[in-house]
Amino acid sequence: MFLVKHDSKTIEGTVNLTGSKSESNRALIIQAISKGLVQIENISNADDTEILQRVIQEAKNHSGEEPTVLDIGPAGTAMRFMTSYLNFLPGKFILTGTDRMKQRPIGVLTDALKELGCNLKSTHKEGYPPLEISGPFIQKVNNLAIDGNISSQYISSLLLIAPYLPSGLDLKIKGELTSRPYVEMTLEMLQSTGIQYKWEDNHIHISPQEYKKSSWLVEPDWSAASYWYSILALSESGELYLPALKKESLQGDRQIAEIMELFGVKTEFIDQDKHGIRLTKITPKIQHEVIDFTTCPDIAQTVVVVAAALKKDIQITGLHTLRIKETDRIAALQNEIAKFGCKLLEKGNIFHLDTSGSFTPESLTFETYEDHRMAMAFAPLALTFPEIKIKEPQVVDKSYPEFWKHLANVGFAIEEA
């Protein structure tokens, strides 16, 4: 457990963020399928990305008739992407993870893959990991329909393997598409490595194609940047520079720039050659806002915590995927903001943040629920309360291993508690 304080409440400095986990993980699958034709620069050092690198190599090294067990731990993206990729490799694999991973549904994806002709099954509970996967497979169909409102990672997982399918893939997305920017990211990355696609209405078509020899430069992680927006929003004064972030980013969490302007953080994009952003304090613009996180659910915790700390009552939509993440993120938020008198009330598809009972304890201890984003969303509250304690601080390694080091660099006092 870490005890976290910040005496001056002034934040200044430069923060060099790790590469985007979302881009890195897609690039790794593209690299594997292209048999090394696609190279990756500035790959993320997040645990999730390192896990995916490891299991891809372990899968390639598979030999013998006994199944190879691939343990992806808590890495949800790795689970979804490997579930599709492993079907192209000869042999049998058991794809498993943490106890929480075994509670996260994957049936939408496995059902689609079975329809394609893949040989896979759940070994314990139907529609959940662990999965037994036997490859290679013979493609039966090239038309699939998949629900778009559960997880965009299912769709991206299928799109990443589509160019390698002998008959290609025509994918129909049923209903509302959750986290659309992540699907757009997948397609743009495929296109940049030589793969053409057609997206008309709710149909995406990718024909069988070869990758071209190319290199993908991973942009820094906008999800990681979101915590620096919250830090500046909760500070009394300051300015931050985050190098290499782009205005025209593929990452959906780029929306934090517009959202946080409501809470008093201005984003200035640096010239096109160097890229990067400068964050400065301005007067908050928020009134009675309704903020939609449908396309950027990973920054919802960050924004809710900032709004609660600043006593800004907001309404929120687009949180329907948060219950199947590393933890039930809605319940986790409700539990932890209640510790300083705030409530997140659910009414239909809209959540109402009520800060009328907010108070300022001398010390607060926050649970993290084995969820990296809980730790990083609540750590900035050291700028609001005299001291806070964060349980299981190491969970940040999942996406942002240098988080605590970077906080210390801008004046946060962090010690074991």
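Engineer: So what about the overall build of the protein chain? Which residues, and what values?
Structural biologist: Broken down by element type, the protein chain carries twelve helices and 22 strands. Over its C-alpha trace the protein chain gives a radius of gyration of 22 Å, about what one expects of a compact globule, namely 22 Å for 417 residues. Counting only C-alpha atoms, the protein chain reaches 60 × 50 × 40 Å along its principal axes. Within the protein chain, the fraction of its 417 residues that count as buried is 58%. When contacts within the protein chain are restricted to residue pairs at least 6 apart in sequence, long-range pairs at least 24 apart make up 74% of them. If you sum the accessible surface of the protein chain, you get close to 16600 Å²; carbon and sulfur atoms cover 46% of it.

Engineer: Just give me the short version of the packing of aromatic side chains, but keep the residues and values in it.
Structural biologist: Throughout the structure, instances matching the rule amount to ten aromatic pairs. With a centroid separation of 5.2 Å and 80 degrees between ring planes, the pair formed by phenylalanine 2 and tryptophan 404 is classed as edge-to-face. Of the two residues, phenylalanine 2 is situated in strand 1 (residues 2-5) and tryptophan 404 in helix 12 (residues 403-409); the sequence distance between them amounts to 402 residues. For the pair phenylalanine 2 and tryptophan 404, one class covers both residues: buried. Note on phenylalanine 340 and phenylalanine 366: the rings are 6.4 Å apart at their centroids and 90 degrees apart in plane angle, and the pair reads as edge-to-face. On the criterion of sequence distance, the pair formed by phenylalanine 340 in the loop between helix 10 (329-337) and strand 18 (343-347) and phenylalanine 366 in strand 20 (residues 363-366) is long-range, its members being 26 residues apart. Residue phenylalanine 366 is classed as buried on the basis of its relative accessible area of 1%. Members of the aromatic cluster, each reached through a chain of ring pairs, are Phe2, Tyr227, Tyr400, Phe403 and Trp404.

Engineer: Now, about the nonpolar core: what can you tell me, with residues and values included?
Structural biologist: Trp228, Phe263, Phe293, Phe340, Phe378 and Leu381 are the most contacted members of the largest nonpolar core, which totals 75 residues. Ranked by residue count, the leading element in this core is helix 7 (residues 222-234), at ten residues. In this structure leucine 381 touches Leu234, Val305, Ala309, Phe340, Phe366 and Ile388, once residues within four positions along its chain are discounted. With 63 residues, the next largest nonpolar core counts Met79, Leu95, Leu144 and Tyr154 among its residues.

Scoring rules and cut-offs
Residues numbered from 1 in each chain as written. Predicted model: local features only at pLDDT ≥ 70, side-chain atom pairs only at ≥ 80, totals over all residues. Heavy atoms only, no water. Helix = DSSP H or I, 4+ residues; strand = E, 2+ residues; numbered from the N terminus. Rg over C-alpha atoms; globule rule 2.2 N^0.38 Å. Buried < 20%, exposed > 50% of the residue type's maximum accessible area, 1.4 Å probe, protein only. Contact = heavy atoms within 4.5 Å. Areas by Shrake-Rupley, 256 points an atom, 1.4 Å probe, with all protein chains shown as cover. Phe/Tyr/Trp six-rings, centres within 6.5 Å; stacked < 30°, edge-to-face > 60°. Core = buried A, V, L, I, M, F, W, Y, C linked by side-chain atoms within 4.5 Å.

Remember that the coordinates give geometry; whether it matters functionally is a separate question.
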